[in-house]
Amino acid sequence: AQCVQSVQEFIQDSFVPLVAALCSEEAERLTRKNNLGFSELVKPFCRLTSEVHMRDPNNQLHVIKNLKIAVNNIITHPPQPGAIRKLLNDVVSVSQPAEGLVANVITAGDYDLNISATTPWFESYRESFLQSMPASDHEFLNHYVACMLVVSSGETEPVEQFLKLSQEQHRIQHSSEYAYPKWFTPNTLKYYVLLHDVSAGEEQRADSVYEEMKQRYGTQGCYLLKINSRGSNRGADEQIPDPWSQYLQKNSIQNPVCVNRCLKPTLANKNADHLISDGLDNDIRVDGLSNNFKAHPLQLDHLSDTSSSFDGTDYIKNTASLHELKKTSSGTPHGTCLTLTDHDRIRQFIQEFTFRGLLPHIEKTIRQLNDQLISRKGLSRSLFSATKKWFSGSKVPEKSINELKNTSGLLYPPEAPELQIRKMADLCFLVQHYELAYSCYHTAKKDFLNDQAMLYAAGALEMAAVSAFLQPGAPRPYPAHYMDTAIQTYRDICKNMILAERCVLLSAEILKSQSKYSDAAALLIRLTSEDSDLRSALLLEQAAHCFINMKGPMVRKFAFHMILAGHRFSKAGQKKHALRCYCQAMQVYKGKGWSLAEDHINFTIGRQSFTLRQLDNAVSAFRHILINDSKQPAAQQGAFLREYLYVYKNVTQLSPDGPLPQLPLPYINSSATRVFFGHDRRPAEGEKQAATHISLDQEYDSESSQQWKELEEQVVTMVNKGILPTNFQPTQYCLNSYSDNSKFPLAVVEVEPVTVEVAFRNPLKVPLLLTDLSLLWKFQPKDFSAKHNGETKELVTCGNDMIGAEVIAEFLINSEETKMARLKLFPHQTGELHILGVVYNLGTSQGTMMLDGIDPSIGLQAGKFVCNGMSVRGRQDLEIQGPRLNNTKEEKTSITYGPDRRLDPIITEEMPLLEVFFINFPTGLLCGEIRKAYVEFVNVSKCPLTALKVVSKHPEFFTFGGNTALLTPLSPSASENCSAYKTVVTDSTSACTALISSASSIDFGVGTGNQAEVIHVPLPDSVLLPGASVQLPMWLHGPDEEGVHEINFLFYYESIKKHSKMCHRVLRHTAVICTSRSLNVQATVCRSNSFEDEGKGDNMLVFVDVENINTSEAGVKEFHIVQVSSNSKHWMLQKAVNVSENKADYKLANRERGKLCFKAVRCKNSGALENYTFADIVFGDEQV
């Protein structure tokens, strides 16, 4: 990722000359007035603003730019590894991406990624890491070059105090009691600082003491620093900038007072692994401290278990300590007693110290070391010119690292000449003399390799590489192989991960600056290991940024390493960083069909968000896992579901009164929702068969629905005197995706429930248990009967008084099953109802374990499921998209959808409700057979009905008798034959001669001009009162064609009161009749000559051929011819001609044919045309 500093600035700031500060208590008290220690006081002014010059051993002028020094309190204890880890952990967790930070959008291939370009947490970590590195004996970079002795002018004997501090410093450096801190040279530069409090002290006294100091220590070696020009009692009348806060927040490790004050590290027993062990400083003694020194700021409270590795669990709460530090450092004003003049004085003091004290001391030391080296080599020339000869001469091939035996334990005494070269190199490096530093490092490296002192060699290689890179004008390329060797040595031979990590941080930065991202990434990944999750996480994240910053960005590698980094952040207890990494990687994996990877990321994001109490993010992440068609096994899906429910429960507990959440499961196929208006009809009882009408169990058939619509139009047209009303809306009892749902459907108050069938699908391999399932609705009461100025009156009542809702206690959907739920609403008031969705508790069922291999879904009755405690209440909306409009040009060119109003019924006033039952209704008839049945009409509503009509496409199939026809007696033999006829016993003498009767045409209903299809049902008084029932006889005539006939009846009826919304109601019935073949009758007529004596031309012979064509499928074996009747206005049969005495002659068995011959004569009253004459010739004992 991009860094704030350039790589040169970063390296220069990582290695700066270290100066120790030793203060008297009185001096410390003066600086404390500003809430600062002495080392903190000078910290913001430690970078020189001007260039500095010094001379190298060859007396050449060398320019130092932008030099920075570090002033630290003396701490006689090396920092504790566990505490360093604690500090680094806190530094990283406090540094988060800024809120509302605009991320960079990187476009790579078909990916658009939002990525934070900078990673301030990594830079903070790196800075703290480098500052907290313990001093080691194999290098001198973090050894102290000088020591400031600070005394207050207000003390009784300042000069004596200086003496004491000087002895103290000498004791710390030279007595064997203290192995820490480390000092650069035996004769450390001592700089004497007299601190004067302007507001309280006596100026004259200070000046006189300073004069004495100059006499004693020389003008170069002492300084009078005046501070606290403002009295502490003065109000904050002027705003003085506070340059300290930014430094204190970073909480430098060398910053003991602040740390002791703000941050007492309390890391319980989890202070992890052996972070610092280079084999050099293991003999440090802890007990012999002098009382003047504070313990190290990173001293642990418990030094018990230092080996267990850190798993991050106990760090989640510990980040509080740094937050507090932030509060303390930002909440307390610093430098309150200092004016801007004081700021300038401190800046001036550091300049003076560097120009007159530090740099001359370093220059002198370099000269001395150079002279020592020259005398050691026995060379007359300075090292500078000699190095050329050494390097250009015969080169010794470097041994490969694997050949070298492990001698990292080799130690040099402090005065060893090899170490003097290294010391000189480090001094040159600190004052930016990189060319000379490189020469020395190179020489030292050879010496160390010859001695096989691997730790020293690695150190020299590391710094040689950095020096080579930093040389101005870049005379030689960056020797990356030096760094690689150094890293490998530190890691594998010296087992020192801290030094290896420093190498990696430096080298990766250098490689990145040269755009060698691939090498940098490989280097960073190499150092990830099990011993530190935090380090591994940060390095993996940087490696991921390397992959995305390449010339051809490697997006998938970026994502993969981000996931790895997120995982390690999570193990290190850095939940926020972990979540951020996973979210950034998710951009790459999303929607690419890598469903298992997506599931893993979503699951982790869900968990981390939940831990961080970002519950909405957690819910949406778990939601994604469940709603995508999951490829996970059942057990995993079950785990995801339980986790989701758990998170959801927590969300709902936070806002128990909030709106119900939208649940993702089960899926609802909204367009398959069916709505049914009507009550549950009574089924058939015994002989009674109920009208089929319509129900949710019937399949939709567009052809038949069109037929019903036509029948309804027909009857309405007839009722309205031949005109179909413009506002006619065909009655629809069941609405589905095929019906016309553009108009608001009508439902009736009180009598009939509204049933909604919802199609649920469970996409998971685990069963879902829905409990307390009901519909969610909104209702607007309106009174449609009372009109006020054309407006409908809105009624106000509440809740269940208006609409009753049915609740399904338990509804189990097995794995991957689609199941319909039928939910009812009972409207108790008129108005507009809107069905919004369903509301239920979603849970998992325990009754789903396989028992002895038996599938649990078999044989589970309702009410037997055990919900295992985890269920959440939520809702799902039913949103149905209407049909696409395609009528006008605009609609054809754009994509617009019409409304679908099936879930928005209007509840109208009460209407009558008819039920129809058929008694003795046959299912099979012979062709042409006439059968009698009864129809029962029942009004099951609370208001009377009238104008009952029936319409059918086959009016020839049936006719109604009046109520009186119930008196028709059934004679024994007639009922035997199931006949529909009334029979009368005849006199045997009249056999075979005609019995004559006549009937008028009005009896047939012919010629009255009625539309044949619409038949008025003859109700008594034309009204059926509430609860009343009427039975009417009905004669059925078997159709003449054999086969199965579906005959549709539509019963139409109205209320006695006229309604604004609903004018009529209908009831449907479909009769299925199976007809089978019976007789084939053919009649031929010829004029008779034998009877001419009775009047010319007025008689004929009628021959009737009767054939039994039944194939006995109706269980009929034979037919008996009992009677032959004629019906005509002009002719009638007179008698049978060839009469047989034997009755068996009139039986026709299967496929038999009989021939009958009759004499026909003209009717007597042929003038009265409107009458029909019936003539019956009876062959049996009874006349029909």
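Residues numbered from 1 in each chain as written. Predicted model: local features only at pLDDT ≥ 70, side-chain atom pairs only at ≥ 80, totals over all residues. Heavy atoms only, no water.

K.L.:
An account of helix α20 (residues 555-571) is needed here, citing residue identities and associated values.
P.N.:
An ideal rise of 1.5 Å per residue puts 24 Å on 17 residues; α20 measures up with 24 Å between its terminal C-alpha atoms. Within α20, burial applies to V555, F558, A559, H561, M562, I563, A565, G566, R568, F569 and S570. Among the residues trailing α20, G573 stands out with phi positive, at a value near 80°. (Helix = DSSP H or I, 4+ residues; strand = E, 2+ residues; numbered from the N terminus. Expected span 1.5 Å × (residues − 1). Buried < 20%, exposed > 50% of the residue type's maximum accessible area, 1.4 Å probe, protein only.)

K.L.:
Break down the sheet that holds strand β42 (residues 1153-1162) for me, with residues and values.
P.N.:
Reading across the sheet, the four strands line up as β36-β37-β42-β40 and stay open at both edges, with antiparallel pairing between neighbours. Across the chains shown, the open sheet's two edge strands, defined by having one partner strand only, are β36 (1079-1087) and β40 (1131-1136). Looking at each pair of strands side by side, their axes are set apart by 35° on average, direction ignored. Bridge analysis of strand β37 (residues 1099-1108) against β42 gives nine bridges, and the strand direction is antiparallel. Its bridge partner lying in β42, V1102 is registered against F1158. (Pairing = 2+ DSSP bridges. Axes fitted to C-alpha atoms, helices over the stretch in contact; angles between N-to-C directions.)

K.L.:
Break down the sheet that holds strand β12 (residues 688-690) for me, with residues and values.
P.N.:
In space, the five strands of this open sheet follow the order β12-β24-β26-β33-β28, with antiparallel pairing throughout. Each edge of the sheet is formed by a strand with only one pairing partner; in this case those strands are β12 and β28 (958-960). Taking each pair of neighbouring strands and ignoring which way they run, the sheet shows an average axis angle of 30°. Relative to strand β26 (residues 930-939), strand β24 (residues 914-919) is paired through six bridges, and the arrangement is antiparallel. Bridge pairing in β26 links I919 to Y934.

K.L.:
Got a sec to walk through the packing of helix α21 (residues 575-589) against helix α22 (residues 595-611)? Specific residues and values, please.
P.N.:
α22 packs onto α21 with a crossing angle of 150° between their chain directions and a minimal axis gap of 9 Å. The orientation of α21 relative to α22 falls into the category roughly antiparallel. Note on packing geometry: the crossing formed by α21 with α22 is left-handed. Along its contact with α21, which presents K575, A578, L579, Y582, C583, M586 and Y589, the element α22 presents A597, E598, H600, I601, N602, T604, I605, Q608, S609 and T611. For the contact of α21 with α22, the class distribution of residues is nine nonpolar, six polar and two charged. (Parallel < 35°, antiparallel > 145°, perpendicular 65-115°, else oblique. Left-handed = near helix turned anticlockwise from the far one by under 90°. Contact = heavy atoms within 4.5 Å. Nonpolar A, V, L, I, M, F, W, Y, C, P; charged D, E, K, R; others polar.)

K.L.:
Hey, could you go over the pattern of salt bridges for me, with residue numbers and the actual values?
P.N.:
Going through the model one piece at a time under the given rule, you end up with 38 salt bridges. Members of the salt-bridge network, linked through shared partners, are E139, R422, D426, E462 and R502. (Salt bridge = Lys/Arg side-chain N within 4 Å of Asp/Glu carboxyl O.)

K.L.:
Tell me what's going on with the pairing of β24, and back it up with residues and numbers.
P.N.:
Taken across its six residues, β24 has six buried, putting it largely inside the fold. Here β24 shows two buried faces, one formed by L914, V916 and F918 and the other by E915, F917 and I919. Bridge count for β12 against β24 is three bridges, and the pairing is antiparallel. If you follow A690 over to β24, its bridge partner there is F917.

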